[in-house]
Structure formats: structure tokens, C-alpha cells
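These are the residues of each chain, in order.
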Amino acid sequence: MTAADIHRTILAVWRIEQPRLITSLSRMLRDVPLAEDLTQEALLAAVEHWPTTGVPEKPGAWLMAIAKRRALDQLRRRRMLERKHDIIARDMEQDQQAMPDWDAALDDDIGDELLRLIFTACHPLLSREARAALALRMICGLTTEEIARAFLLPDATIAQRIVRAKRTLSESGLAYETPRRGELSERLSSVLEVVYLIFNEGYTAARGEHWLRPQLCHEALRIGRVLTSIAPQEPEVHGLLALMELNASRTAARTDASGEPILMLEQDRALWDQLQIRRGMQALGRVRELDGAGGFYALQAAIIACHAQAATADETDWPRISGLYAELAALVRSPIIELNRAVAVGMAEGPEAALVIVDGLANEPALKTYHLLGSVRGDLLHRLGRHAEARAAFEAAAALAGNRREQDLLRRRAAEPPA
Amino acid sequence: MRFMYIVTPAHPVPPTTELMEAVHKLADREIKAGHMLDSGALMPRTLGAQVRITDGKLSVIDGPFVEAKEVIGGYAIFELRDKEEAVAKAVEFMQVHRDHMPGWEGTCEVRAFAGP
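Residues numbered from 1 in each chain as written. Chains lettered and ligands numbered in written order. Predicted model: local features only at pLDDT ≥ 70, side-chain atom pairs only at ≥ 80, totals over all residues.

**Student:** What am I meant to see in the overall build of chain A here?
**Tutor:** Per the secondary structure count, chain A includes 19 helices and zero strands. Restricting the contact set of chain A to residue pairs at least 6 apart, pairs at least 24 apart contribute 61%. (Helix = DSSP H or I, 4+ residues; strand = E, 2+ residues; numbered from the N terminus. Contact = placed C-beta atoms within 7 Å.)

If you want it as C-alpha cells, here you go:
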């Protein structure tokens with residue numbers, strides 16, 4: 001094995017142990033950012049020792065022992081600063097007595113602690129970007145460099161984002177807290193938002209060939225799965241997981257051999273991942289059991305499920321999709337959702353009904369520079385035989401499109417002869 | 001990356017209760033951690049068959065169908081970062097066998113899925 005191989009092996013082992021390390025340490029230190037620092041120190045120690053000693057038979061216990069020692073140092077130092085001498089001695093004694101529990105903690109159900117960890121990393125006080133970086137670092141065990149590469153940003157930017165976020169948490173006294181029952185759903189939305197942001201960052205990646213971009217999808221899916229096991233009664237958690245599993249099931253079918261994107265209706269459905277579709281449908285089933293079919297993520301998942309379940313594009317249940325979009329539009333007022341609804345209505349009822357919706361969006365400020373508005377409008381006009389108007393709409397859309405591939409596609413459509 | 005694990009014991013000896021408990025605990029952890037996507041227990045190889053092609057000849061090697069009713073192997077599908085992580089998981093899994101059923105021998109084959 002080369003040094004690089006050994007390093008990768010160590011990182012892999014560490015990543016397996018990290019969630020238990022960080023949760024056990026958080027519990028004893030009552031400080032999540034500090035616990036995360038210590039797991040990093042344990043990793044450094046492993047990198048230093050394992051190349052010569054080999055990976056220990058019980059790597060978790062080894063890492064825990066190191067982190068534990070550093071944690072004790074921290075506690076000592078903190079107490080030196082904060083308390084009187086006689087109290088320190090007593091506390092130290094208690095620490096010693098509490099020691100055996102730390103080992104037991106390795107095998108404990110870490111659900112509650114993990115939930116706390118996720119809620120801390122995704123605190124609404126932090127920006128969405130900071131939450132995403134912190135979550136990838138503390139929950140997924142990605143290094144700063146890996147996060148930077150995944151988001152196509154300089155290492156220093158991510159490092160700074162993480163340091164600032166941790167400082168914000170520590171200074172505001174939010175380093176270790178779990179939302180109360182009543183707050184749970186509200187706080188959960190800030191977690192789900194970040195998970196979905198991470199997923200989309202990987203999923204919509206038009207740029208970046210690096211494997212870390214698809215990796216973002218996997219990490220988001222993984223946090224989603226973790227959330228369903230630690231917050232199993234929250235329907236939106238299952239809804240988001242269903243949405244991500246169902247979207248990810250199309251990964252292999254989304255681009256052709258030269259990397260050009262393939263639209264969903266034109267994809268080879270044999271390439272859709274049936275295992276992932278099954279998992280998505282199971283999660284959606286759980287949403288219904290929990291009476292959450294009307295949730296923001298659940299509705300989007302249900303829409304994608306209509307596609308996933310159609311054996312061919314022609315068999316797509318467009319009336320159901322358009323009904324689901326209507327529900328979604330009633331829940332969240334968004335011109336983008338309205339535009340998507342128009343597409344579904346166009347498929348279910350015909351171009352005329354859809355054009356009414358699209359024309360109602362003409363003055364939406366949010367869509368002023370959104371090329372898909374013109375693209376959808378052009379398509380509807382084309383189907384209605386209003387070719388001159390269709391051409392104008394496609395050309396206007398092409399001028400707004402951000403990348404060359406989309407511009408080409410729209411110009412081709414503008415040049416299409418009457419059907 | 002997705003990986004398939006196929007566990008095949010060297011001897012048709014059913015696992016002890018202790019081993020089963022330890023394996024279930026590990027599996028539970030991996031499901032909750034979002035790594036394990038699917039899994040299943042397998043009956044002994046003797047209850048299955050192998051269909052082969054060698055030298056252009058197709059042959060079916062059928063199990064002798066002995067009176068074995070115990071599950072003695074299994075498969076699992078995991079979603080992981082890379083091969084190192086997959087191997088580390090397999091090592092951890094096999095270590096559980098060593099800890100909880102001394103004398104157990106067998107193989108855990110790790111196969112990477114083709115795909116994006």
C-alpha cells in the first residue's frame with residue numbers, strides 16, 4: 001500500500017466511527033463544535049500512528065480513547081478558567097467515575113444525540129450555506145477540502161464559513177441544545193431545507209466533473225435516511241427522502257454518452273434504478289400513513305412518483321400530476337411552481353388551458369429573466385399552431401438561457417417548421 | 001458508489017444466537033446511518049444451483065438438497081463513498097464474526113456496482 005492508500009483507509013475507518021465519537025463527546029462536553037474539533041484531533045492522531053502500527057482491531061475504541069483524553073484536558077482547562085480550585089478537584093473525581101460510561105456510550109443508541117447534532121449544525125441562526133458546510137463536516141465527515149471541491153469554491157472560503165459558523169454557535173450559547181417538542185416541526189424545516197440544498201447542488205450540477213458533486217446527492221440522501229430513523233413520526237422527513245430517492249433513481253438516464261442532458265420524458269426508463277424507486281415509494285407510503293400527503297416535500301415526491309410509476313412516457317398520469325401541482329401551488333405561492341403546473345395542465349387538458357396560466361405569469365418579476373417561461377410559452381404556442389409567436393418566444397428564451405446547450409436547444413425549436 | 005456484499009461461510013454451520021444478535025445490531029446501525037439499502041439472508045449453497053458455461057458447454061450444477069434448513073449466509077447492498085470505506089465496513093463485519101463466534105470461517109465478497 002502506498003501512503004495515499006493508507007491515508008484513504010484511515011479516513012474510511014474514521015468516517016465509520018465519527019458519528020459515535022462526535023455524539024458521545026457532545027454529550028459529555030455539552031458543546032457540539034468542540035466535540036467536532038476533538039474528533040478531528042483523533043483523526044490526526046490516527047494518521048500519525050496507524051501507518052506504523054496498522055489499523056487497530058477496535059478502531060472505535062482507540063479513537064474514543066484519544067478523544068476522551070483530549071476532552072478531559074479541555075474540561076480541566078475550562079474549569080481552571082471558570083471555577084474555584086476545590087470545585088475542580090471534585091469535578092475531576094466525578095469525571096473519573098463517569099469514565100466507564102463513555103465506553104458504554106459507544107454502543108448506545110445515538111438517536112437523540114445525533115438529532116441534537118443535526119439540529120445544531122442546521123441552526124436557523126446560520127446562513128443556508130453555512131448550515132450546508134457544517135452539516136457535511138459534522139454529520140457526513142467530509143473534510144473542508146472535500147466540501148470546497150464539491151461546491152466548487154476555494155478551500156479558504158469553506159474553512160472560514162465553518163469557523164465562523166462554529167463561533168456563532170458558541171457565542172450565542174447554542175452549542176448544545178435540542179428544540180422543544182413544539183419547536184420541532186418548525187426547526188425541522190430548516191434542517192430539511194439544508195438537506196435539499198445539498199441534494200440539489202449535486203443533482204443539478206451542470207458544471208464540475210468531479211465525483212464529489214454526485215457525492216453531495218449521496219450525502220443528502222444519507223442524512224435524509226438518518227432523519228427518518230431518528231424522527232420517524234415527522235411526515236415531511238419521509239417526504240423529502242421520497243423526493244430525493246425518486247429523483248436520484250434517474251441519475252443513470254439523465255445524460256447521454258457525450259454528457260448532454262436528456263429530458264425526463266425522453267429518458268430510457270430501463271436505466272431508472274428500481275431499488276431506489278422502491279425505496280422512494282416506501283417512504284411515500286410512510287408519509288400517507290402519517291397523514292402528511294399534503295406536505296411541501298410530500299407533494300413534490302408524489303409528482304415524481306407519477307413519473308417513476310409510468311412504464312412509458314405516454315402512460316404518465318398527467319391529470320393527477322396537474323392536480324398535485326394545484327395543491328402545491330395552493331400551499332406555496334411560487335411562480336416557478338405555477339409554471340410547472342402550466343406544463344402539467346398542458347399535458348392533461350391541452351395547450352389552451354395551459355397558456356392561460358402562462359400568460360398570467362407574464363409580469364412576474366421573479367420570472368423576468370427566467371428562460372423557461374419563454375420556453376414553455378413557445379411550446380404551447382407551437383402546439384396551438386401560432387408559429388410566429390412561438391418563434392418569438394423561443395428566441396427571447398434563448399437570449400436569456402444561461403448555458404450554450406440550452407441556447408442551442410431553444411434556437412433549434414425557434415427554427416422548427418409548423419407541425 | 002454502491003456495493004454488494006455476499007457472505008458465504010466455509011462450513012454449513014448455522015450462526016450462534018450471539019453472532020446473530022451482534023450482526024443484527026450492526027445491520028440496524030447501518031440502516032439507521034443510511035448506508036444499507038437492502039439485505040437478505042441466504043440458505044446454504046447446497047440448496048441452490050450453479051449454472052455455468054465452460055469450454056462452450058453449458059452445465060447445471062444442482063445442489064444435493066440435504067436436510068439443511070438454516071440460513072447460513074446473506075447479501076447486503078450498501079451506498080458508500082469509495083472502496084476503502086466498503087472494505088472497512090467488511091472488515092468490521094467480519095471482526096464481529098470473530099468476536100462472537102470463534103471458529104467461524106468464511107468469506108465476505110465485496111463487489112462494486114457498475115454505474116454512474
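**Student:** I keep staring at the overall build of chain B and nothing clicks. Help me out?
**Tutor:** Looking only at helices and strands, chain B has two helices and six strands in total. Ordered by position from the N terminus, the helices and strands of chain B form the series β-α-β-β-β-β-α-β. In terms of its C-alpha atoms, chain B occupies a principal-axis envelope of roughly 45 × 40 × 20 Å.

**Student:** Could you clarify how one ought to interpret unusual backbone geometry in this entry?
**Tutor:** It is generally the case that most residues other than glycine have a negative phi and that most peptide bonds are trans. The backbone of arginine 30 of chain A sits at a positive phi, close to 55 degrees, despite the residue not being glycine. With respect to the helices, strands and loops of the structure, arginine 30 of chain A is situated in the loop between α1 (3-29) and α2 (32-53). Not every positive phi belongs to a glycine, and aspartate 55 of chain B is a case in point at roughly 50 degrees. Relative to the assigned elements, aspartate 55 of chain B resides in the loop between β3 (49-54) and β4 (57-62).

**Student:** Just checking my understanding: could you explain the sheet that holds strand β5 (residues 73-79) of chain B for this structure?
**Tutor:** Pairing between the strands of a sheet comes from backbone hydrogen bonds, and it takes one of two forms, parallel or antiparallel. Residue and element names in this part refer to chain B. Reading across the sheet, the four strands line up as β2-β5-β1-β6 and stay open at both edges, with antiparallel pairing between neighbours. On the outer flanks of this sheet lie β2 (36-42) and β6 (106-112), each paired with one strand and no other. Taking each pair of neighbouring strands and ignoring which way they run, the sheet shows an average axis angle of 15 degrees. In this structure, strand β1 (residues 2-9) lies alongside β6, joined through seven bridges in antiparallel fashion. Following the sheet pairing, phenylalanine 3 is matched in β6 by alanine 112. Each of β1, β5 and β6 touches helix α2 (residues 83-100); the most contacted strand, β6, lies at about 160 degrees to it. (Pairing = 2+ DSSP bridges. Axes fitted to C-alpha atoms, helices over the stretch in contact; angles between N-to-C directions.)

**Student:** What is the right way to read the interface of chain B and chain A from this model?
**Tutor:** Accessible area lost on assembly of the parts is the figure often given for the size of an interface. Listed by partner, the interface residues are 15 residues for chain B and 19 residues for chain A. Sorting the residues of the side of chain B that touches chain A by element identifies β2, β5 and α2 of chain B as the ones contributing at least two each. Top element by residues in the side of chain B that touches chain A is α2 of chain B. It accounts for six residues. Counted by class, the side of chain B that touches chain A contains five nonpolar, three polar and seven charged residues. (Nonpolar A, V, L, I, M, F, W, Y, C, P; charged D, E, K, R; others polar.)

**Student:** I'm lost on the domain arrangement of chain A in this one. Help?
**Tutor:** Residue and element names in this part refer to chain A. Considered domain by domain, chain A is made up of domain 1 (1-108), domain 2 (110-177 + 186-216) and domain 3 (232-314). Counting from both sides, the interface comprises 14 residues of domain 1 and, opposite them, 13 residues of domain 2. For the side of domain 1 that touches domain 2, the secondary structure elements donating two or more residues are α1 and α2. The element best represented in the side of domain 1 that touches domain 2 is α1, accounting for eight residues. Residues belonging to the side of domain 1 that touches domain 2 are distributed by class as follows: four nonpolar, three polar and seven charged. (Domains from an automatic or database assignment.)

**Student:** Where do I start with the environment of threonine 251 of chain A in this structure?
**Tutor:** By the element assignment, threonine 251 of chain A lies in the loop between α11 (235-248) and α12 (274-289). Each C-alpha atom, one on threonine 251 of chain A and one on glycine 346 of chain A, is 26 Å from the other, the two residues being 95 residues apart in sequence.

**Student:** What should I look at first to understand helix α17 (residues 371-383) of chain A in this one?
**Tutor:** Because an α-helix packs 3.6 residues into every turn, residues spaced three or four apart end up facing the same way. All names here are of chain A. For α17, built from 13 residues, the straight-helix expectation of 18 Å at 1.5 Å per residue is met to within 8% by its first-to-last C-alpha distance of 19 Å. Residues of α17 that are buried include every one of His371, Leu373, Gly374, Ser375, Val376, Arg377, Gly378, Asp379, Leu380, Leu381 and His382, and no others. Each element contacted by the buried residues of α17 is listed here: α15 (335-348), α16 (351-360), α18 (387-400) and α19 (404-414). Just beyond α17, the residue with positive phi is glycine 385, at close to 80 degrees. (Expected span 1.5 Å × (residues − 1). Buried ≥ 20, exposed ≤ 12 C-beta atoms within 10 Å, placed from the backbone.)

**Student:** Explain the pairing of β5 of chain B to me, please; I cannot follow it from the model alone.
**Tutor:** Side chains on a regular strand alternate between the two faces of the sheet. Residue and element names in this part refer to chain B. As judged from the six bridges shared by β1 and β5, these two strands associate in the antiparallel manner. Along β5, the bridge assignment pairs methionine 4 with isoleucine 77. Direction of pairing for β2 relative to β5: antiparallel, over a ladder of six bridges. Bridging across to β5, glycine 40 finds its partner in tyrosine 75.

**Student:** Help me understand the confidence of the model for chain B in this model?
**Tutor:** The predicted coordinates ought not to be read in detail in places where the model reports low pLDDT. All names here are of chain B. The predicted model of chain B has a mean per-residue pLDDT of 88, with 91% of residues at 70 or higher. For chain B, the element scoring lowest by mean pLDDT is β4, at 88; β6 scores highest, at 96. Scoring the predicted complex yields pTM 0.84 and, for the interface, ipTM 0.81. (pLDDT = per-residue confidence, 0-100.)

**Student:** Please clarify how the packing of α12 of chain A against helix α13 (residues 296-309) of chain A should be interpreted in this entry.
**Tutor:** Two quantities define a packed helix pair, namely the angle between the axes and the distance from one axis to the other. All names here are of chain A. Contact geometry of α12 with α13 gives a least axis separation of 10 Å together with a crossing angle of 140 degrees. Between α12 and α13, the interaxial angle falls into the category oblique. The handedness of the crossing between α12 and α13 comes out as left-handed. Counting all contacts with α12, which are made through Ile277, Gly280, Met281, Leu284 and Val287, the residues of α13 involved are Ala298, Ala301, Ala302, Ala305 and Ala308. The residue makeup of the contact of α12 with α13, split by class, is nine nonpolar, one polar and no charged. (Parallel < 35°, antiparallel > 145°, perpendicular 65-115°, else oblique. Left-handed = near helix turned anticlockwise from the far one by under 90°.)

**Student:** Looking at this model, I keep getting lost on the packing of α13 of chain A against helix α14 (residues 318-331) of chain A. Mind explaining?
**Tutor:** All names here are of chain A. Between α13 and α14, the shortest axis-to-axis distance is 9 Å and the interhelical angle comes to 165 degrees. Relative to α14, the element α13 lies roughly antiparallel. Every pair of crossing elements has a handedness; the one defined by α13 and α14 is left-handed. Across the interface between the two elements, Phe296, Leu299, Gln300, Ala302, Ile303 and Cys306 of α13 pack against Arg320, Ile321, Leu324, Tyr325, Glu327, Leu328 and Leu331 of α14. Residue classes in the contact of α13 with α14 are distributed as ten nonpolar, one polar and two charged.

**Student:** I would appreciate a short explanation of the nonpolar core in the present structure.
**Tutor:** The nonpolar side chains of a soluble globular protein tend to be buried with one another. Judged by nonpolar contacts, the single largest core of 107 residues is most densely connected at Ile118, Ala133, Leu134, Ala135, Val195, Ala220 and Ala301 of chain A. By residue number, the principal contributor to this core is α1 of chain A, which donates ten residues. Setting aside chain neighbours within four positions, we find alanine 135 of chain A in contact with Ala121, Cys122, Val194 and Ile223 of chain A. Membership of the second largest hydrophobic core comes to seven residues, among which are Met36, Leu37, Leu80 and Ala86 of chain B. (Core = buried A, V, L, I, M, F, W, Y, C linked by C-beta atoms within 7 Å.)

**Student:** When you look at the confidence of the model for chain A in this model, what are you seeing that I'm missing?
**Tutor:** Mean pLDDT over chain A: 86, with 89% of residues reaching 70 or higher. Scored below 50 in pLDDT, residues 96-108 of chain A makes eleven contacts in the model with residues more than four places away or belonging to other chains.

**Student:** I tried to follow the environment of proline 261 of chain A on my own but got confused; where do I start?
**Tutor:** Residues and elements named next belong to chain A. In this fold, proline 261 is placed in the loop between α11 and α12. By C-beta crowding, proline 261 is classed as partly exposed, having 14 other C-beta atoms within 10 Å. In this structure, the C-alpha to C-alpha distance between proline 261 and aspartate 37, residues 224 residues apart in sequence, is 41 Å. If we skip the residues at most four places from it in the chain, proline 261 touches Arg254, Thr255 and Arg405.

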